[in-house]
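Structural overview for review
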Amino acid sequence: MRFEYLEPTTLQECTEMLGQYGPEARLLAGGTDLVVKLRAGTLRPRVVITLGFIKELRILKRNNDGSVEIGAMQTLREVERADRLGDGVDLIRRGAGSVSSIQVRNVATLGGNSCNASPAADTVPGLIVAGAQALLTGKEGKRILPLEQFFLGPGQTAMRSDEILTGFKIPAPPPHSGACYKKFAIRGEVDLAIVGVAASLVLGSDARYIKEARIVLGAVAPTPLRSRKAEEMLSGQYAKKDLFMEAARIAAEESRAISDQRASASYRKEMVRVWTRYALEEAFQAATAANRDMKNG
Ligand SMILES: Cc1cc2nc3c(=O)[nH]c(=O)nc-3n(C[C@H](O)[C@H](O)[C@H](O)COP(=O)(O)OP(=O)(O)OC[C@H]3O[C@@H](n4cnc5c(N)ncnc54)[C@H](O)[C@@H]3O)c2cc1C
């Protein structure tokens, strides 16, 4: 197929190009989703605009307040290996490291994983649990959107056709907290998730009282799904094994899984129950370890 190929070097140049071509243009990041669709002919843009030469999209930094900024064009491999960002983004590094193979992660970007808006995207549940904000730039300027509000359906986002996702801002995790991402796929990480679960717990200083819980499910609804009933049930309780089992049961009830070539809806629901429990148990262990470190430090 034929299309015009453009190489802007600044964000401003890029937004002007998007403003000019509108929905006839497609942005190219790592191309691991886009090129597949171009080859299959399911997308036929008039113009493809690469983001590969825009320096402003390549940021990876930790601010003094502990928050972290990650540019949309950071590859998943770079994110996965960014241990200098501190423990607070372990969850996001783990999500990035759960995508397919090293070969794919070397080119696929963190921004592309969100913008493709697959319900099974591995980095998204962790980003939402961590309270990430999507940083957007368009012809009318910049805006910030909680990532939770970014997804409208499979392949659909709240971005306007003139907007670029420039990156994410992730707040510092609260004290006494721990988080975890679990991916379940039939053929391991090279395969798309049947279920992805990110969970975080904020504990009281006694390391048992749950002040706040967050659970986000991937691949079991048209968009990443906050399991709000399970979160509410956990908050204000003292942690124990049965409690996590009950929360996992509620999360499974809340999921809106469908049957497809990877799994039936009922199997997916059952896997939500199993993997939510694992994710909560691991988040709890991480939070108690964080508590110990604070007391010793
Ligand atoms: C073999 C294979 C295995 C895979 N396995 C997994 C897996 O296990 N888990 C998983 O989550 N994903 C998987 N994927 C999907 C894919 O690798 C990810 O979704 C990837 O992160 C997309 O990033 P990209 O940079 O390649 O995006 P691209 O393909 O370049 O772009 C994807 C879409 O987002 C838009 N876009 C990209 N960046 C921006 C931006 N900054 N602003 C606005 N729009 C933008 C593009 O226009 C396009 O519509 C797999 C893909 C392949 C080919």
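Our subject is the structure that appears above.
This structure is a prediction, so every number in the text was calculated from the model and none was measured.

**Observations regarding the pattern of salt bridges**
Under the counting rule described, the total for this entry stands at 20 salt bridges. A salt bridge links R93 to D90, with the shortest nitrogen-to-oxygen separation between them at 3.3 Å. One end of the pair, R93, and the other, D90, are both in helix 4 (residues 90-97), three residues apart, so they sit about a helical turn from each other. Between K182 and E282 there is a salt bridge, with the nearest N and O atoms lying 2.6 Å from each other. Of this pair, K182 sits in strand 11 (residues 177-184) while E282 sits in helix 10 (residues 265-296), and the two are 100 residues apart along the sequence. Given the relative accessible area of 16%, K182 is considered buried. In this structure, a network of salt bridges that share partners links the residues E148, R226, R228 and E231.

**Section: the sheet that holds strand 12 (residues 195-203)**
Overall, antiparallel pairing links the four strands, which are arranged 11-12-13-14 in an open sheet. Edge positions in the sheet fall to strand 11 and strand 14 (225-226), since each has one partner strand and no second. Where strand 11 lies against strand 12, eight bridges are found, and the strand directions are antiparallel. Bridged to F184 within strand 12 is V195. Most of the contacts of helix 4 go to strand 11, to which it runs at about 10°, and overall it touches strand 11 and strand 12.

**Quick notes on the layout of surface pockets**
Taken as a whole, the largest pocket spans an internal volume of roughly 1,200 Å³. Lining the largest pocket are 47 residues, and of these D33, K37, G112, C115 and N116 sit closest to its centre. Those elements that place two or more of their residues in the lining of the largest pocket are strand 2 (25-28), helix 2 (34-40), helix 6 (110-115), strand 9 (156-157) and strand 10 (164-170). Taken together, the residues that form the lining of the largest pocket break down as 23 nonpolar, 15 polar and nine charged. For the second largest pocket, the lining is made up of 35 residues, of which D87, G88, P173, S177 and G178 are closest to its centre. Sorting the residues of the lining of the second largest pocket by element identifies helix 4, strand 11, strand 12, strand 13 (210-218) and helix 10 as the ones contributing at least two each. Per-element tally for the lining of the second largest pocket: the top contributor is helix 10, with six residues. Split by residue class, the lining of the second largest pocket holds 20 nonpolar, seven polar and eight charged.

**Thoughts on the site of the ligand**
Close to the ligand lie 31 residues; L27, G30, T32, D33 and T109 are nearest. A distance of 2.6 Å is found between an oxygen atom of the ligand and a side-chain nitrogen or oxygen belonging to T32. Isolated, the ligand exposes 990 Å² of accessible area, and the fraction of that covered by the protein chains is 87%. Spatially, the ligand is embedded in the largest pocket. For the shell around the ligand, the elements supplying multiple residues, two or more each, are strand 2, helix 6 and strand 10. By residue class, the composition of the shell around the ligand is 17 nonpolar, eight polar and six charged.

Conventions used here
Residues numbered from 1 in each chain as written. Predicted model: local features only at pLDDT ≥ 70, side-chain atom pairs only at ≥ 80, totals over all residues. Heavy atoms only, no water. Salt bridge = Lys/Arg side-chain N within 4 Å of Asp/Glu carboxyl O. Helix = DSSP H or I, 4+ residues; strand = E, 2+ residues; numbered from the N terminus. Buried < 20%, exposed > 50% of the residue type's maximum accessible area, 1.4 Å probe, protein only. Pairing = 2+ DSSP bridges. Contact = heavy atoms within 4.5 Å. Axes fitted to C-alpha atoms, helices over the stretch in contact; angles between N-to-C directions. 1 Å grid on protein atoms, 1.4 Å probe; cavity = no way out; pocket = protein on both sides within 12 Å on 5 of 7 lines; lining within 4 Å. Points joined across faces, edges and corners; volume = space filled by probe spheres on them. Nonpolar A, V, L, I, M, F, W, Y, C, P; charged D, E, K, R; others polar. Near = heavy atom within 4 Å. Polar contact = N/O pair within 3.5 Å; in protein donor to acceptor, adjacent residues only side chain to side chain. Areas by Shrake-Rupley, 256 points an atom, 1.4 Å probe, with all protein chains shown as cover. Sits in = over half its atoms within 2 Å of the grid points.

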